[in-house]
Amino acid sequence: MFSPNSVEKDLAILQAVGAQLRMAGHEVQLVSEQQLGREAQSLASYDLIFSMGRLPETLDALQHLKVVNSATGIRNCARCQLESIMQQVGTPVPPREGAHGYWLKRGDAAAQSKSDVQFAADRQELDAKIAAFQQRGITSYTVSAHVPGDLVKFYGVAGTGFFRYYYPTDDGQSKFGDEQRNGTAHHYAFSVEALQQDVETLAQTVGISVYGGDAIIREDGTYCVIDFNDWPSFSRCRDEAARAIGSLAGTI
């Protein structure tokens, strides 16, 4: 439900982390969210839990346990809550107004379909799409101006030094195709170190270790973070990411 068009990729990274942990001598059990209810009583017996779960009942069950990513951190990734945290820590974000259109995003949960993240060419179209959200029962949402520039996807594991970024238009990988809105990447020069520092600070404040997101790099090298989430698929760097994530078992 929370992995639209990416179910197999998301499962693959969790399986890869499990394989890394087994090679390190740990006993590992993989459990789906649907099975979790039957395992709830024994959860406290595990030394560490790696979770991609997002259902409210899953987060409730994991709230007071030793978990990567924490239940609190995952809740903080809801867009409206996340927007508030980004403002608090000074993460570079898109302006609310601009001359190139707007992005309307569901604010109460992770996107579950393409309709949860929509582009509007002008204020009139934005108002109409907000009304459509409200008709669907979505009253929590965020609005930001579209920012021209290179779209990059970044992936990281906080505290391990692992950080990678990629241009979706270079390899054609896409979840909903929204990356095409910014066109083919020009590969504008920017400070990778500064971006990593900004999103590491955000990850630590949000309360997650395994993270990913999107940023726009402007022609002048400045950037803004337009999306941030817990535990992406790491499909472009799965093996490296699995080793970094697995290393958390010895550091947390």
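Structure: above.
Calculation notes
Residues numbered from 1 in each chain as written. Predicted model: local features only at pLDDT ≥ 70, side-chain atom pairs only at ≥ 80, totals over all residues. Heavy atoms only, no water. Helix = DSSP H or I, 4+ residues; strand = E, 2+ residues; numbered from the N terminus. Rg over C-alpha atoms; globule rule 2.2 N^0.38 Å. Buried < 20%, exposed > 50% of the residue type's maximum accessible area, 1.4 Å probe, protein only. Areas by Shrake-Rupley, 256 points an atom, 1.4 Å probe, with all protein chains shown as cover. Salt bridge = Lys/Arg side-chain N within 4 Å of Asp/Glu carboxyl O. Axes fitted to C-alpha atoms, helices over the stretch in contact; angles between N-to-C directions. Parallel < 35°, antiparallel > 145°, perpendicular 65-115°, else oblique. Left-handed = near helix turned anticlockwise from the far one by under 90°. Contact = heavy atoms within 4.5 Å. Nonpolar A, V, L, I, M, F, W, Y, C, P; charged D, E, K, R; others polar. Pairing = 2+ DSSP bridges. Polar contact = N/O pair within 3.5 Å; in protein donor to acceptor, adjacent residues only side chain to side chain.

K.L.:
Just to check I follow, could you spell out the overall build of the protein chain for this structure?
P.N.:
The secondary structure content of the protein chain amounts to nine helices and nine strands. For 252 residues, the compact-globule estimate of 2.2 N^0.38 gives 18 Å, and the C-alpha radius of gyration of the protein chain, at 18 Å, lies within 12% of that figure. C-alpha atoms of the protein chain, sized along the principal axes, occupy 55 × 40 × 35 Å. In the protein chain, buried positions account for 47% of the 252 residues. Accessible area of the protein chain: about 12,400 Å², with a carbon and sulfur share of 48%.

K.L.:
Just checking my understanding: could you explain the pattern of salt bridges for this structure?
P.N.:
Oppositely charged side chains can form a pair if their charged atoms are brought close together. Considering all chains together, one arrives at eleven salt bridges under this definition. Glu-125 is the salt-bridge partner of Lys-129, the closest N and O atoms lying 3.3 Å from each other. Taken together, the residues Lys-129 and Glu-125, both in helix H6 (residues 123–135) and four residues apart, mark about one turn of the helix. The class of Glu-125 is partly exposed, set by a relative accessible area of 29%.

K.L.:
Help me understand the packing of helix H1 (residues 7–23) against helix H9 (residues 238–247) in this model?
P.N.:
How two helices sit against one another is set out by the angle between their axes and by the gap between those axes. Between H1 and H9, the shortest axis-to-axis distance is 8 Å and the interhelical angle comes to 55°. Of the possible angle classes, the one that applies to H1 and H9 is oblique. At the point where H1 passes H9, the crossing takes the right-handed sense. Contact residues: Lys-9, Ala-12, Ile-13, Ala-16, Val-17, Gln-20 and Leu-21 in H1; Arg-238, Ala-241, Ala-242, Arg-243, Ile-245 and Gly-246 in H9. Among the residues forming the contact of H1 with H9, the class breakdown is eight nonpolar, two polar and three charged.

K.L.:
Just checking my understanding: could you explain the pairing of strand E4 (residues 117–120) for this structure?
P.N.:
Within a regular beta strand, the side chains point alternately toward one face of the sheet and then the other, so they alternate between its two faces. Burial along E4 is two-sided: Val-117 and Phe-119 facing one way and Gln-118 and Ala-120 facing the other are all buried. Judged from the four bridges that link them, strand E3 (residues 102–106) and E4 form a sheet pairing that is antiparallel. Paired with Tyr-102 across the two strands is Ala-120, which belongs to E4.

K.L.:
Whenever I open this one, the sheet that holds E4 confuses me. Can you help?
P.N.:
Taken together, three strands build an open sheet; the order of strands is E4-E3-E5 and the sheet is antiparallel. Because the sheet does not close on itself, it has two edges, and the strands there are E4 and strand E5 (141–145). On average, each strand axis in the sheet is inclined to that of its neighbour by 20°, with strand direction left out of account. Judged from the five bridges that link them, E3 and E5 form a sheet pairing that is antiparallel. Across the sheet, the residue bridging to Leu-104 is Val-143, located in E5. Set on the sheet, helix H5 (residues 79–89) makes contact with E3, E4 and E5; between it and E5 the angle comes to about 50°. Along the sheet face, H6 touches E3, E4 and E5 and points at about 10° away from the line of E3.

K.L.:
Any chance you could explain the sheet that holds strand E9 (residues 223–230) here in plain terms?
P.N.:
Sheet strands associate in pairs through backbone hydrogen bonding, adopting either a parallel or an antiparallel arrangement. If you walk across this open sheet you meet the four strands as E7-E6-E8-E9, and the pairing is antiparallel. At either end of the open sheet lies a strand with only one pairing partner, and these are strand E7 (162–166) and E9. Ignoring which end each strand starts from, the neighbouring axes of this sheet average 20° apart. Sheet analysis places strand E8 (residues 210–217) next to E9, joined by seven bridges and oriented antiparallel. The residue of E9 that forms the bridge with Asp-214 is Asp-227. In the packing of H9 onto the sheet, contacts are made with strand E6 (150–157), E7 and E8, and the angle to E7 comes to roughly 155°.

K.L.:
Is there a simple way to think about the side chain of Asn-182 in this case?
P.N.:
With respect to the helices and strands, the residue Asn-182 is situated in the loop between helix H7 (168–171) and helix H8 (192–206). According to the relative accessible area criterion, Asn-182 is buried, its value standing at 16%. Among the polar contacts listed, one links the side chain of Asn-182 to the backbone oxygen of Val-147, at a separation of 3.0 Å. Of the polar contacts made by the side chain of Asn-182, one reaches the backbone oxygen of Gly-149; its length is 3.0 Å. Ignoring sequence-local partners within four residues, the contact set of Asn-182 consists of His-146, Val-147, Pro-148, Gly-149 and Ile-216.

K.L.:
Just checking my understanding: could you explain the environment of Gln-197 for this structure?
P.N.:
With respect to the helices and strands, the residue Gln-197 is situated in helix H8. Sequence separation between Gln-197 and Thr-91 is 106 residues; the distance between their C-alpha atoms is 9.9 Å.

All we've got here are geometric facts, nothing functional implied.
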